[in-house]
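# Fold and geometry: a report
Chain by chain, the residues run as shown.
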Amino acid sequence: MAEAAARAPIARFAAYAPAGTENLVRAHIASGTVLVLADGSPPMPDGVDGFGRCLLHAIDGMLAEGHAAACVLSSDCPTLPTTHLVEAARLLLEPGDRAVLGACADGGYYLLGLKARCPEMFSRIAWSTASVAETTRARARGLDLDLVELPPWYDVDDAATLACLQVERGGYAAHASRAVLARLGYGEGSRGEASAALGMTDRPGHAAMLPSPQSPGRTP
């Protein structure tokens, strides 16, 4: 996100929960990243349940900071290309209402960006299933909300996608993640393994982006 912020007006956030754990989280995030509580504790509209409460809470927190749009990001896509984040900011800062979706290969999504609070995008979603992205698309259609899609990417939540991460070099370099893999004995694998794997502001010129505490796709 820091690299993307050098190329687009992006403000960086990190979600945390529960309240009172700020210092534990702050020790592990980059300087300049703002914390936003995302435990889903405020009253929510009917149908916004489970992980959806946390995502909407995060969106609300970023918009409350005066940003003109906000994105929630999956935290288990270490090689997500920086260009995808830059493009999300560009799309959300253009005139007109729209949402931006970055779908994952497993049926979830790695990014959802909104220009205004939209509880329907988090309502009655079967979180941690392969239907998350498609249901989100259906919600946008039902609202007559323009939904722009970014190129798909993958999140790492099983052995197959871990194997993909071991050899994939097409996205962000993710040096820190790869160093951890090396320490754990998961260095570069075989190509065969990988093939199986498959708020913006009044401060009006900024997009707020944060990695969510877990993936809105198939990660438990």
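Conventions used here
- Residues numbered from 1 in each chain as written.
- Predicted model: local features only at pLDDT ≥ 70, side-chain atom pairs only at ≥ 80, totals over all residues.
- Heavy atoms only, no water.
- Helix = DSSP H or I, 4+ residues; strand = E, 2+ residues; numbered from the N terminus.
- Areas by Shrake-Rupley, 256 points an atom, 1.4 Å probe, with all protein chains shown as cover.
- Salt bridge = Lys/Arg side-chain N within 4 Å of Asp/Glu carboxyl O.
- Buried < 20%, exposed > 50% of the residue type's maximum accessible area, 1.4 Å probe, protein only.
- Disulfide = S-S within 2.5 Å.
- Phe/Tyr/Trp six-rings, centres within 6.5 Å; stacked < 30°, edge-to-face > 60°.
- Contact = heavy atoms within 4.5 Å.
- pLDDT = per-residue confidence, 0-100.
- Core = buried A, V, L, I, M, F, W, Y, C linked by side-chain atoms within 4.5 Å.

## Notes on the overall build of the protein chain
Secondary structure summary: the protein chain contains eight helices and seven strands in total. Accessible area for the protein chain stands at about 10,100 Å²; split by element, carbon and sulfur atoms hold 56% of it.

## Digging into the pattern of salt bridges
Pairs can form between side chains of opposite charge whenever their charged atoms are close. Per the stated rule, a full pass over the model turns up eight salt bridges. Of the charged contacts in the structure, one is a salt bridge between E87 and R90, with a shortest N-O distance of 2.6 Å. On the criterion of helical spacing, the pair formed by E87 and R90 is a turn pair, its members being three residues apart in helix α4 (residues 82-93). With a relative accessible area of 29%, E87 lands in the partly exposed category. R90 sits in the partly exposed class, given a relative accessible area of 40%. Residue R137 is joined to E134 by a salt bridge in which the shortest nitrogen-to-oxygen separation is 3.1 Å.

## Examining the state of the cysteines
Considering all chains together, one arrives at zero disulfides under this definition. Looking at the unpaired C77, the closest cysteine sulfur is the one in C104, lying at 4.4 Å. Among the residues examined, C77 registers a relative accessible area of 8% and is labelled buried.

## Side note on the packing of aromatic side chains
Inspection of the entire model under this criterion finds two aromatic pairs. Measuring from centroid to centroid gives 6.0 Å for F51 and W127, while their planes differ by 90°, and the two rings are edge-to-face. Of this pair, F51 sits in helix α3 (residues 51-64) while W127 sits in the loop between β5 (109-114) and α5 (132-143); the two residues are 76 residues apart in sequence, bridging distant segments of the chain. Of the two residues, F51 and W127, both sit in the buried class.

## Focus: the environment of L162
Tracing the sequence through the fold places L162 in helix α6 (residues 159-167). For the pair L162 and L181, spaced 19 residues apart in sequence, the C-alpha to C-alpha distance is 9.6 Å.

## Details of the side chain of H84
Here H84 lies in helix α4. You can call H84 buried: its relative accessible area is 10%. Non-local contacts of H84, meaning those with residues more than four positions away in its chain, are made with Y110, L150, P151 and W153.

## Focus: the confidence of the model for the protein chain
Looking at the protein chain, the pLDDT average stands at 88 and 87% of residues meet or exceed 70. In the model, residues 190-204 has pLDDT below 50 throughout and makes 44 contacts with residues more than four positions away in sequence or in other chains. Every residue in residues 213-220 scores below 50 in pLDDT, and together they form 34 contacts with partners more than four places removed in sequence or on other chains.

## Some thoughts on the environment of T136
Relative to the helices and strands, T136 resides in helix α5. Taking the C-alpha atoms as reference points, T136 and L101, 35 residues apart in sequence, are found 8.7 Å from one another. Those residues in contact with T136, other than ones at most four positions away along the chain, are L101, Y109, L112, M121 and I125.

## Details of the nonpolar core
Membership of the largest hydrophobic core comes to 31 residues, with the highest contact counts inside it found for M62, V72, Y109, M121, F122, W127 and L210. Among the secondary structure elements, those contributing two or more residues to this core are β1 (10-16), α3, β3 (70-73), β4 (99-103), β5, α5 and β7 (207-211). Ranked by residues supplied to this core, first place goes to α3 with seven residues. Listed in part, the 25 residues of the second largest apolar core include L91, Y110, C164 and L165.

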